[in-house]
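# Observations on the model geometry
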Amino acid sequence: MQTFGGESDEYLEDMIVDSNGDLILVGSFSSSSITVNSNSLVNQGDRDGFSLKINGQTGSFLWGNSLGSSGFDNITGVAETSTGNIAYCGWTNSSSLIVNGTAHNGSGIDNDIIVSWSTNSGVWDQLRRYGNSGVEEAHDCTTDNNCLLYTSDAADEEDSVDL
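Below is a short write-up of the structure.

## Some remarks on the pattern of salt bridges
- Summed over the entire model, instances satisfying the criterion amount to three salt bridges.
- With a shortest N-O distance of 2.9 Å, arginine 129 and aspartate 112 are connected by a salt bridge. Of the two residues, arginine 129 is situated in strand β12 (residues 124–130) and aspartate 112 in strand β11 (residues 112–118); the sequence distance between them amounts to 17 residues.
- According to the relative accessible area criterion, arginine 129 is buried, its value standing at 14%.
- Taken together, the salt bridges that share partners define one network made up of Asp18, Asp22 and Lys53.

Structure follows, in structure tokens:
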């Protein structure tokens, strides 16, 4: 049995079993850091998103990664693409999120939808941010055989993003 966490709150939002039989967990944490094996995920703001992969045979952690900035950053959905990469959705109110050196800016006040993806080994690849004035939040996502990511937002509307 594996455990992870820190001195404050962690929130598990979604999980999948990938094509290798491994478990991928996503959510957010408000602890100053959480430890996954010897890897420490450090919180950058109020709450940061996390993604963890657990070996389906042994139950041991394979990797952990976080996504965050100065505000609330939540990963609320996860899906595997037809190419084996991992797609994520969620929301943020941070004024800027940086993935692979690219800043994705917003107002820092209202919540914006985020969609991102990583390799199957957990390395963040890209992120897209969608929002305007008002609250936009993605709460779940799935993918299709054409690598389209579908999200369900707070207004129960479906949107798709070409990965």
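Having put the structure on the table, let's press on.
## Let's talk about the sheet that holds strand β1 (residues 10–17)
- Reading across from one edge, β1-β2-β5-β6 is the order of the four strands in this open sheet, with antiparallel pairing throughout. A strand with exactly one partner marks an edge of an open sheet, and here the two such strands are β1 and β6 (61–67). For this sheet, the mean inter-axis angle between neighbouring strands, taken without regard to orientation, is 20°.

## Thoughts on the pairing of β6
- Among the seven residues in β6, six count as buried, and that is most of the element.
- Here strand β5 (residues 48–54) pairs with β6 via six bridges, running antiparallel. Considered in β6, the bridge of lysine 53 is made with tryptophan 63.
- Hairpin geometry of β5 and β6 is characterised by an intervening segment of six residues between the two adjacent antiparallel strands and by a positive phi of about 80° at glycine 59.

## Regarding the state of the cysteines
- Under the defined criterion, the tally for this structure stands at zero disulfides.
- For cysteine 89, which is in no disulfide, the shortest distance to another cysteine sulfur is to cysteine 141 and amounts to 3.3 Å.
- Using a relative accessible area of 1% as the deciding quantity, one classes cysteine 89 as buried.
- Residue classification places cysteine 141 among the buried residues on the basis of a relative accessible area of 8%.

Cut-off values and rules
- Residues numbered from 1 in each chain as written.
- Predicted model: local features only at pLDDT ≥ 70, side-chain atom pairs only at ≥ 80, totals over all residues.
- Heavy atoms only, no water.
- Salt bridge = Lys/Arg side-chain N within 4 Å of Asp/Glu carboxyl O.
- Helix = DSSP H or I, 4+ residues; strand = E, 2+ residues; numbered from the N terminus.
- Buried < 20%, exposed > 50% of the residue type's maximum accessible area, 1.4 Å probe, protein only.
- Pairing = 2+ DSSP bridges.
- Axes fitted to C-alpha atoms, helices over the stretch in contact; angles between N-to-C directions.
- Disulfide = S-S within 2.5 Å.

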